[in-house]
Amino acid sequence: MRKQMQKYTNLKIVVIIIMFVFFLTISVGYSYLQQRLNIYGKSTIATDESGKYINGNSTYSYELVHSDKQNGTNTIIYDIKLNIVNMDNDIGSWQISFDVPQGYNDLMSNVKESLVKEYENGRITVYPSAEDGYLSKGDILELEMQLAINGELDIDNLTLNGRLASETN
């Protein structure tokens, strides 16, 4: 009887060890199957259906540094300094866009070498040519550019990464 009791106890221990190994194998296998998904990317924020821009918290101002009238034309080249204060979120790569008045001449307008300027449908878009376009919340982005306009200088609807900034004086 004692020998049978010892066999029964040994069998219980073996079954417990087998069950422990089985559940340990399942839990380790499950932890290897579990994965986390991180998606990183850039996005463009479009305007809403009414055609208005999405409001942001950033502000901007521009200062006329110098203006020069071109000989024989009514075109004036405005040297301006544009200051944008990012009050939204940290930005990995910034892009600003703004409306220019009718009479804007894209061929005679310039930006710094480290920037790219595009003009389409009455809006200028400026962004850095290199990948280094990081802008922290609270930082000031200072841009200098020359705008050739046949008329008065006026910068409207300035957006920083698709969010409308408000003008300060």
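A brief structural summary. Just so it is clear, the model here is predicted, and its values are computed rather than measured.

In terms of regular secondary structure, the protein is built from one helix and nine strands. The secondary structure elements of the protein, listed N-terminal to C-terminal, are α-β-β-β-β-β-β-β-β-β. Looking at the protein as a whole, 26% of its 169 residues are labelled buried. Contacts in the protein between residues far apart in sequence, at least 24 positions, make up 73% of those at least 6 positions apart. Within the structure as shown, the protein displays about 12500 Å² of accessible surface, and the carbon and sulfur contribution to it stands at 51%.

Turning our attention to the packing of aromatic side chains. This model, assessed by the stated rule, comprises two aromatic pairs. Arranged with centres 5.4 Å apart and planes meeting at 70 degrees, the rings of Phe22 and Phe23 form a pair that is edge-to-face. Judged by centre distance (4.7 Å) and plane angle (45 degrees), the ring pair of Tyr104 and Tyr119 falls under tilted. Of this pair, Tyr104 sits in strand β4 (residues 104–111) while Tyr119 is found in strand β5 (residues 115–120), placing the two residues 15 residues apart along the sequence. Residue Tyr104 is classed as buried on the basis of its relative accessible area of 10%. By relative accessible area, which is 35% here, Tyr119 ends up partly exposed.

Another point: the pairing of strand β7 (residues 140–149). Pairing of strand β2 (residues 76–85) with β7, which is carried by 10 bridges, proceeds in the antiparallel orientation. Bridge pairing in β7 links Ile76 to Ile149. Looking at chain direction, β4 and β7 are connected through four bridges and run antiparallel. In the sheet register, Val111 faces β7, and the bridge partner there is Met145.

A grouping of Leu11, Val15, Met19, Phe22, Phe23 and Ile26 is seen on the molecular surface, where their side chains present a nonpolar patch of about 590 Å² in accessible area. One can find Val15 in helix α1 (residues 2–33).

Let us now look at the environment of Glu118. By the element assignment, Glu118 lies in strand β5. Between the alpha carbons of Glu118 and Ser97 there is a distance of 9.2 Å; along the sequence they are 21 residues apart. Of the polar contacts made by the side chain of Glu118, one reaches the side chain of Tyr127; its length is 2.7 Å.

Further remarks concern the sheet that holds strand β3 (residues 96–99). With respect to topology, nine strands assemble into an open sheet ordered β4-β7-β2-β1-β9-β8-β3-β6-β5, the strand pairing being mixed. Of all strands in the sheet, those with a lone pairing partner are β4 and β5, marking the two edges. Between one strand axis and the next, the sheet turns by 30 degrees as a mean value, whatever way the strands run. Across 10 bridges, the pairing between strand β1 (residues 54–69) and β2 is antiparallel. Looking at the pairing, Lys69 lines up with Ile76 of β2.

As a further point, take the side chain of Asp99. By secondary structure assignment, the location of Asp99 is in strand β3. Looking at Asp99, its side chain comes within polar contact range of the side chain of Asn157, at 2.6 Å. Setting aside residues up to four positions removed in sequence, Asp99 forms contacts with Tyr53, Gly122, Arg123, Asp154, Ile155, Asp156 and Asn157.

About the criteria used
- Residues numbered from 1 in each chain as written.
- Predicted model: local features only at pLDDT ≥ 70, side-chain atom pairs only at ≥ 80, totals over all residues.
- Heavy atoms only, no water.
- Helix = DSSP H or I, 4+ residues; strand = E, 2+ residues; numbered from the N terminus.
- Buried < 20%, exposed > 50% of the residue type's maximum accessible area, 1.4 Å probe, protein only.
- Contact = heavy atoms within 4.5 Å.
- Areas by Shrake-Rupley, 256 points an atom, 1.4 Å probe, with all protein chains shown as cover.
- Phe/Tyr/Trp six-rings, centres within 6.5 Å; stacked < 30°, edge-to-face > 60°.
- Pairing = 2+ DSSP bridges.
- Patch = residues over 30% accessible without salt bridge, like charges linked within 9 Å, V, L, I, M, F, W, Y side chains within 5 Å.
- Salt bridge = Lys/Arg side-chain N within 4 Å of Asp/Glu carboxyl O.
- Polar contact = N/O pair within 3.5 Å; in protein donor to acceptor, adjacent residues only side chain to side chain.
- Axes fitted to C-alpha atoms, helices over the stretch in contact; angles between N-to-C directions.

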